[in-house]
Amino acid sequence: MSPKNVIFKKICKDKSVGVYMGKRDFVDRVDSVDPVDGVILVDPEALQGRKVFVTLSCTFRYGRDDMDVMGIAFRRELYLSTRQVYPPLQDREKGIHTKIQARLLRKLGHNAYPFFFEFPDNLPCSVALQPAPHDVGKQCAVEFEIKAFSAESQDAKVRKRSTVKLMLRKVQYAPEGEGTAPSVETTRDFVMSDKPLHVKASLDKEIYYHGETIKVHVNVTNNSSKNIKNIILSVDQVATVVLYSNDSYVKCVDIEDSGDSVSPGATLQKVYKLLPVLANNRERRGIALDGKLKHEDTNLASTSIIREGVLKEVMGIMVSYRVMVKLIVGGEVGLEVPFKLMHPKPDAGKKTYISVLFLYTKLLQKVLKHVK
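Residues numbered from 1 in each chain as written. Predicted model: local features only at pLDDT ≥ 70, side-chain atom pairs only at ≥ 80, totals over all residues. Heavy atoms only, no water.

Draft legend 1. Structural context of the overall build of the protein. Of regular secondary structure, the protein possesses 3 helices and 20 strands. For the protein, buried positions account for 42% of its 372 residues. By sequence separation, contacts in the protein at least 24 residues apart represent 66% of the contacts at least 6 residues apart. (Helix = DSSP H or I, 4+ residues; strand = E, 2+ residues; numbered from the N terminus. Buried < 20%, exposed > 50% of the residue type's maximum accessible area, 1.4 Å probe, protein only. Contact = heavy atoms within 4.5 Å.)

Set out below in structure tokens:
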């Protein structure tokens, strides 16, 4: 995530336009999204009478730019909003919405102008499919971008030297509340066996954080005459490209081949551990990742959560996770246990620290009072 008290800035080649922002990560809380705010710095002399515009765009890219065929680009613009910032269409002070804008305007002077955008509620979060090591060009991804440029008009041809772009991320955090711990069970009857095989798989909770170990509780009651030769567990990432084809790509991001067997009439109760992380999957093409900014690392894509009533068809790439438990019994007996993989809210750890500090202070006060 973007560090605090850092200003992100980028200036175009001809020095006519510059973008200044206090953050590049914007949080989708399902019912609302952080607005995009910043400041544009202009050089009136370098503009030579041109106007300055700023746009916020969301683009779904499903092919490299160099794969364009017959003038058809492998990209689709999901959202585009444009504002004119210079000459300003409203009073400069009325354009200030946030404290960071006010601070930047005081620092940058009279040639700085604020801009402000609000996301619509039907846009996806930043996500990208990991390319293979030998792939070149931009990967399949949902991308957000702020672009500032100078031109005679909004529709006039824009020069690259007079354009500056800054990539953004739209991210989601785990919702508050643990939710219901997922649990799945099945009973399987076999020919030539009087009694069935019963299997139950459960997790400790519904939401896991990136980098957290997942404990899978497996209970097997084998009353059948079949011998369970092996138990294999895995974490599957399911990335569904809902925008243009509704194709689903299932990728195993962690696996545990236990080698455990359960003979007829026996039972098994065991806790298995799985750890789905990007570090173990960096060479895997097609794995969905959280969108990343230049020079920053990322992680496996977070679970997609959308507001009720929003059409999934415009969400670009939807990501979900499941634990698969497979029992090898001549054939295969399998269970799917869904769960969510997300980031905790940034202030969650801070709140925990403050709570612990508060309790420690209270305890210390009691001890000191007792000593007196």
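Read on, since the account is not over.
Draft legend 2. Just the side chain of Thr-55, in detail. With respect to the helices and strands, the residue Thr-55 is situated in strand S5 (residues 51-61). In this structure Thr-55 comes out as buried when scored by relative accessible area, which is 7%. Excluding anything up to four places from it in sequence, Thr-55 contacts Leu-80, Ser-81, Thr-82, Phe-117, Glu-145, Ile-146, Lys-147 and Phe-149.

Draft legend 3. Structural view of unusual backbone geometry. Following Tyr-86, the chain continues to Pro-87 via a peptide bond in cis, the omega torsion being -10 degrees. Its location among the elements puts Pro-87 in the loop between strand S6 (75-86) and helix H2 (99-108). Phi is positive for Lys-15, close to 65 degrees, though the residue is something other than glycine. Positionally, Lys-15 belongs in the loop between strand S1 (8-11) and strand S2 (17-21).

Draft legend 4. Representation of the confidence of the model for the protein within the structure. For the protein, per-residue confidence averages 83 on the pLDDT scale, and 83% of positions sit at 70 or higher. Scored below 50 in pLDDT, residues 66-71 shows 4 contacts in the model against residues more than four places distant or in partner chains. pLDDT under 50 marks residues 348-360. Its contacts with residues more than four places away, or in other chains, come to 0 contacts. (pLDDT = per-residue confidence, 0-100.)

Draft legend 5. Representation of the packing of aromatic side chains within the structure. All told, the structure shown has 7 aromatic pairs when counted by the stated rule. Aromatic pair Tyr-208 and Phe-339: ring centres 5.9 Å apart, planes at 90 degrees, arrangement edge-to-face. Separated by 131 residues along the polypeptide, Tyr-208 in strand S13 (residues 207-209) and Phe-339 in strand S20 (residues 331-342) bring together distant segments of the chain. By relative accessible area, Phe-339 is classed as buried at 4%. Geometrically, the ring pair formed by Tyr-321 and Phe-339 is tilted, given 6.0 Å between the ring centres and 35 degrees between the ring planes. One end of the pair, Tyr-321, is in strand S19 (residues 317-329); the other, Phe-339, is in strand S20, and 18 residues separate them in sequence. The class for Tyr-321 is buried, based on a relative accessible area of 3%. (Phe/Tyr/Trp six-rings, centres within 6.5 Å; stacked < 30°, edge-to-face > 60°.)

Draft legend 6. Inspection of the pattern of salt bridges at higher detail. Summed over all chains, the structure comprises 10 salt bridges. Residue Arg-322 pairs with Asp-236 through a salt bridge whose shortest N-O separation is 3.5 Å. Residue Arg-322 is found in strand S19, and its partner Asp-236 is found in strand S15 (residues 230-241); the two are separated by 86 residues along the sequence. Classification of Asp-236 by relative accessible area gives buried; the value is 9%. Ionic contacts of the salt-bridge type, sharing partners, join the residues Asp-14, Arg-50 and Arg-159 into one network. (Salt bridge = Lys/Arg side-chain N within 4 Å of Asp/Glu carboxyl O.)

Draft legend 7. Geometry of H2. Within the span of H2, buried status applies to Gln-101, Leu-104 and Leu-105. Around the axis of H2, the buried residues are gathered within 100 degrees of arc, so they sit on the same side. In H2, the exposed positions angled more than 90 degrees off the buried face are occupied by Lys-99, Arg-106 and Lys-107. The elements touched by buried residues of H2 are S2, strand S4 (36-42) and strand S7 (112-117). (Arc of directions from axis to C-beta.)

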